[in-house]
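# Fold and geometry: a report
Here are the chains, one letter per residue:
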Amino acid sequence: MAAADPEAAHQLGRTVLTHLAHRAPGQALDLGPLLDDERTAGLADGLGAEVVAGAEVPAMRSDQGTDVAAYLSAGMRKTLRKARNRVATDGLTLTLTTTDDADAVARSLPFMASAYRDRDREHQVPCLLDSEQGMGLWRGRIEHLLGIGVLELTTLTLGTDPVAYVVGVRDGRRYGVLEGRFATAWSRYAPGRLVETAVLQRVLDDEGLDEVDWMTGVAPEALLAENAREGSVMLRLPGGTCRVR
């Protein structure tokens, strides 16, 4: 949560409530998952929301040194070896870049949007980016997090083509994986796994970070790696209660 302390979180809740009351009065709201901490309690108080238990969220804590292989299962290490061997056999050059430069991220947005849509269509789920409003929300979130200096974009390129990305957020000593996508035409090379591994290795090498927060409790068996679970909560406003107090 982009709030430094419970008081700031409370004000954030009040601001969100004001916007909801003007733009979607009476609309029900489920917000989360969020960490069960004092900042979330402040946000709930500002919103006037009920706090309900959420799913456990997997995490990856750096408690086994800085070699990423120590955190991966044997099956995952095999998948990564096969992917790298295929890249080499097919004569491709693999390049990984990480940036927090707003102009560089802006240049990557068309590829990111294409990969985002591609994966949603592959899984036959509605895509946020297929509406003008959804696209605006997605771009606005990225631009805002860049603006406050917490967002990083890691991109994997094969040859000259960007094929996978991860958007990460630095939050104190925690690194949150906000989203990640890859172009399905390149799935032979497991580009999602390769870019996630690069992000995890960056976190392990950074003395200012202790943990990767995957920021989801959905399909934890599909994650690159995990060695910890954290409880989470949801904030709930029933329909008809979204009014400025």
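Here we summarise the structure given alongside this text. (Residues numbered from 1 in each chain as written. Predicted model: local features only at pLDDT ≥ 70, side-chain atom pairs only at ≥ 80, totals over all residues. Heavy atoms only, no water.)

Moving on to the sheet that holds strand E2 (residues 50–53). Strand order in the open sheet formed by three strands is E1-E10-E2, with antiparallel pairing between adjacent strands. What marks the edges here is a single partner per strand, and that holds for strand E1 (29–35) and E2. Strand after strand, the sheet turns through a mean of 30 degrees between neighbouring axes, direction not considered. Pairing between E1 and strand E10 (residues 232–237): five bridges, direction antiparallel. Of the residues in E10, the one forming a bridge with Leu34 is Val233. (Pairing = 2+ DSSP bridges. Helix = DSSP H or I, 4+ residues; strand = E, 2+ residues; numbered from the N terminus. Axes fitted to C-alpha atoms, helices over the stretch in contact; angles between N-to-C directions.)

Our focus in this paragraph is the packing of helix H4 (residues 102–122) against helix H5 (residues 132–147). Put simply, H4 and H5 touch, their axes get as near as 12 Å, and they point 145 degrees apart. Considering how the two elements wind past one another, H4 and H5 form a crossing that is right-handed. Contacts between H4 and H5 involve Ala102, Val105, Leu109, Met112, Ala113, Tyr116 and Arg117 from the first element and Met135, Trp138, Arg139, Ile142 and Leu146 from the second. Residues of the contact of H4 with H5, tallied by class, amount to ten nonpolar, no polar and two charged. (Left-handed = near helix turned anticlockwise from the far one by under 90°. Contact = heavy atoms within 4.5 Å. Nonpolar A, V, L, I, M, F, W, Y, C, P; charged D, E, K, R; others polar.)

With that out of the way, let us pick up the pattern of salt bridges. The tally for this structure, following the rule as stated, stands at 21 salt bridges. The partner of Asp120 in a salt bridge is Arg181, with the nearest N and O atoms 3.9 Å apart. Remark: Arg181 occurs in strand E7 (residues 174–182) and Asp120 occurs in helix H4; sequence separation between them is 61 residues. One exposure class covers both Asp120 and Arg181, and it is buried. Of the charged contacts in the structure, one is a salt bridge between Glu152 and Arg170, with a shortest N-O distance of 3.6 Å. Pair noted here: Glu152 is in strand E5 (residues 151–158) and Arg170 is in strand E6 (residues 161–171), with a separation of 18 residues, a long-range link. Taking relative accessible area as the criterion, Glu152 reaches 10% and is therefore assigned buried. Taken together, the shared-partner salt bridges connect Arg61, Arg174, Glu211, Asp213 and Glu230 into one network. (Salt bridge = Lys/Arg side-chain N within 4 Å of Asp/Glu carboxyl O. Buried < 20%, exposed > 50% of the residue type's maximum accessible area, 1.4 Å probe, protein only.)

Here we come to the packing of helix H3 (residues 74–89) against helix H6 (residues 191–205). Look at H3 against H6: their axes get within 10 Å of each other, and the N-to-C directions meet at 110 degrees. Relative to H6, the element H3 is oriented roughly perpendicular. Crossing of H3 against H6: the hand is left-handed. Between H3, through Met76, Leu80, Ala83 and Arg84, and H6, the contact on the second element is made entirely by Arg193, Leu194 and Thr197. Looking at the contact of H3 with H6, its residues break down into four nonpolar, one polar and two charged. (Parallel < 35°, antiparallel > 145°, perpendicular 65-115°, else oblique.)

Now for unusual backbone geometry. Put simply, Gly32 and Pro33 share a cis peptide bond, and its omega is 5 degrees. In this fold, Pro33 is placed in strand E1. Residues other than glycine seldom take positive phi values, yet Gln124 does so here, at roughly 55 degrees. Assignment of secondary structure puts Gln124 in the loop between H4 and H5. A positive phi angle, near 45 degrees, is found at Ala190, a position not held by glycine.

What follows deals with the sheet that holds E6. Overall, mixed pairing links the seven strands, which are arranged E4-E5-E6-E7-E8-E3-E9 in an open sheet. Only two strands of the sheet have a single neighbouring strand rather than two, namely strand E4 (94–99) and strand E9 (228–230). Adjacent strand axes in the sheet meet at a mean angle of 30 degrees, parallel and antiparallel pairs treated alike. Sheet topology places E7 next to strand E8 (residues 211–213); three bridges connect them, and they run parallel. Each bridged residue has a counterpart across the sheet, and for Arg174 the counterpart in E8 is Glu211. Across the face of the sheet, H6 comes into contact with strand E3 (57–61), E4, E5, E6, E7 and E8 while running at roughly 35 degrees to E6.

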